Structures are given as C-alpha cells and as structure tokens.
Amino acid sequence: MPNFSMGGLAGFPFGGVTSFGAMASHIPDGGSCLVVFGPHVGVDSTGAVGTVERQGRAAGGACCGSAVAASGYVSTVYTGSAQEAGLPDSPLDAQQNFVGSMVGSMLLPFGGDGKIAVLGAIHINTPPTEESSDYFLPLRFEVYGNDGKLMAGGASE
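The residue count restarts for each chain, going from 1 along the sequence in the order it is written. Reporting in this predicted model follows two pLDDT cut-offs: at least 70 for local features of residues, and 80 or more for side-chain atom pairs to be given and counted; totals over whole chains, interfaces and linings ignore these cut-offs and use all residues. Hydrogens and water molecules were not included; the side-chain quantities draw on all heavy atoms of the structure.

## Focus on the overall build of the protein
Secondary structure counts use DSSP, requiring at least four H or I residues in a row for a helix and at least two E residues in a row for a strand, with both numbered from the N terminus. Regarding its fold elements, the protein presents three helices and seven strands. Mapped from its N terminus to its C terminus, the protein presents α and β elements in the order α-β-β-β-β-α-α-β-β-β. When a residue's accessible area, from a 1.4 Å probe over protein chains only, is under 20% of the maximum for its type it is buried; when over 50% it is exposed; and in between it is partly exposed. Looking at the protein residue by residue over its 157 residues, the buried ones come to 26%. Excluding contacts between residues fewer than 6 apart, the proportion of contacts in the protein whose partners are at least 24 apart in sequence is 50%. The Shrake-Rupley method, run with a 1.4 Å probe, gives the accessible areas here. Residue values count only the displayed protein chains as cover. Element-wise, carbon and sulfur atoms account for 58% of the exposed surface of the protein, whose accessible area totals about 10,200 Å². Contacts are assigned to residue pairs with any non-hydrogen atoms lying within 4.5 Å of each other.

Here it is in structure tokens:
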C-alpha cells in the first residue's frame, strides 16, 4: 500500500482534519493504518548536534531549522524576553508559527473498523560519507481505536 504524505515543518502533519479524513479514505475495509511522525536533527562530523554537512555544499547548516527556530522562540517566551506570538499575519510562514506555538497533538476518530498505530521518532541526519548512514530513533508508539481513544502504548512502553 503506498504512503499518504501529510508532512510539514518539524515533522508535524499539517493537513489537519481534512488531511486525516483523506488519509482514512485510503485505508482498506477492515484495514489499519500506521502514522509515522517526527522531526529530523543533524549531527555533523565533529559531533555537534543541530547542524549537518550536506553533499555539494561547502558549509553545513541547521538541521532541523524549524525545530531550532521553535526552540529559540520557546526559550525567549519562557525567559520573558519575548511575547507569545498570536496568529500569523501572513500565510507565508504560518506553519512555522504553528510549530512555535504547538503544545500537544490530537488524533481524530477516522471511522471504519481498524486501528491507527502512531510512531513518533527522530530522524538523525549524519554527514554524507560512505562510512556513515542516517538513523531513525523511535521514541513513542501508540495504538488508537477508530474512535480516537488510546488502546495501548505511550512514551514508556
């Protein structure tokens, strides 16, 4: 079965209710679904976290830039050196505004008789060499019923 991409900045599925409904309409009768989400982070050749060298570029850069920006935003609001942002004035950066202000997540009922398994992880990018490869670090696995209620899993399971 092909994947249904709902990706956006920092690993958040930005399609909302409409996107989840569209995704659910692709689940076969009696079938279930796996939702994989999460940001990526870079680790460069010196071991620095939050940056990575990229093939074809002389210098590395922030990785995940959206998560780095959100972390900076949250830090400045927490210390009181900045006010909490309201709704964006422009749609050009609405996703980043959402990433900076998002506190939790939700899973909506999708109908049918299957389940939705949700895997939260971090994709770890490393320098593009033959000796290294990227990594995938699962951190959370949960199974929800078609009513949106948690059946099993959590951060500690």
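Next, the rest of the story.
## Some details on the nonpolar core
Side-chain atoms within 4.5 Å are what join buried Ala, Val, Leu, Ile, Met, Phe, Trp, Tyr and Cys residues into a set we call a nonpolar core. M6, F20, M23, A24, I27, C33, V35, I116, V118 and Y144 form the largest nonpolar core, which has ten residues in total. Among the elements of the structure, α1 (16-24), β1 (33-37) and β5 (115-125) are those that each provide at least two residues to this core. By residue number, the principal contributor to this core is α1, which donates three residues.

## Points about the pattern of salt bridges
Two side chains carrying opposite charge are able to pair once their charged atoms lie near each other. By salt bridge we mean one thing: a side-chain nitrogen of Lys or Arg within 4 Å of a carboxyl oxygen of Asp or Glu. Going through the model one piece at a time under the given rule, you end up with one salt bridge. A salt bridge links R140 to E142, with the shortest nitrogen-to-oxygen separation between them at 2.6 Å. Assessed through its relative accessible area of 8%, E142 is described here as buried.

## Structural notes on the confidence of the model for the protein
Note: pLDDT gives the predictor's confidence per residue, expressed from 0 to 100. On average, residues of the protein score 74 in pLDDT, and 74% of them reach the 70 mark or higher. In the model, residues 103-107 has pLDDT below 50 throughout and makes five contacts with residues more than four positions away in sequence or in other chains.

## Digging into the side chain of T126
With respect to the secondary-structure elements, T126 resides in the loop between β5 and β6 (135-145). Taking relative accessible area as the criterion, T126 reaches 16% and is therefore assigned buried. A polar atom in the side chain of T126 sits 2.8 Å from the backbone oxygen of S133. Pairs of N or O atoms within 3.5 Å make up the polar contacts considered here, provided that, within protein, one atom can donate a hydrogen while the other can accept it, and that residues adjacent in sequence are counted only when both atoms are side-chain atoms.

## What to know about a nonpolar patch on the surface
Distance thresholds for patches are 9 Å for like charges and 5 Å for nonpolar side chains (Val, Leu, Ile, Met, Phe, Trp, Tyr), applied to residues having over 30% relative accessible area and no salt bridge. On the surface, L34, V36, F136 and F141 cluster together into a nonpolar patch covering about 390 Å² of accessible area. Contributions of two or more residues to the nonpolar patch are made by β1 and β6. Within the element layout of this structure, F136 appears in strand β6.

## A word on the side chain of D44
Position of D44 relative to the elements: it lies in the loop between β2 (40-42) and β3 (51-52). Residues scored as positive are Lys and Arg, those scored as negative are Asp and Glu, and His as well as the terminal groups of each chain are ignored. Lacking a salt bridge, the buried D44 has R54 as its closest oppositely charged neighbour, with an N-O distance of 10 Å. A distance of 2.7 Å separates polar atoms of two side chains, one belonging to D44 and the other to T46. Leave out the neighbours within four places in its chain, and D44 touches T51, V52, E53 and P127.

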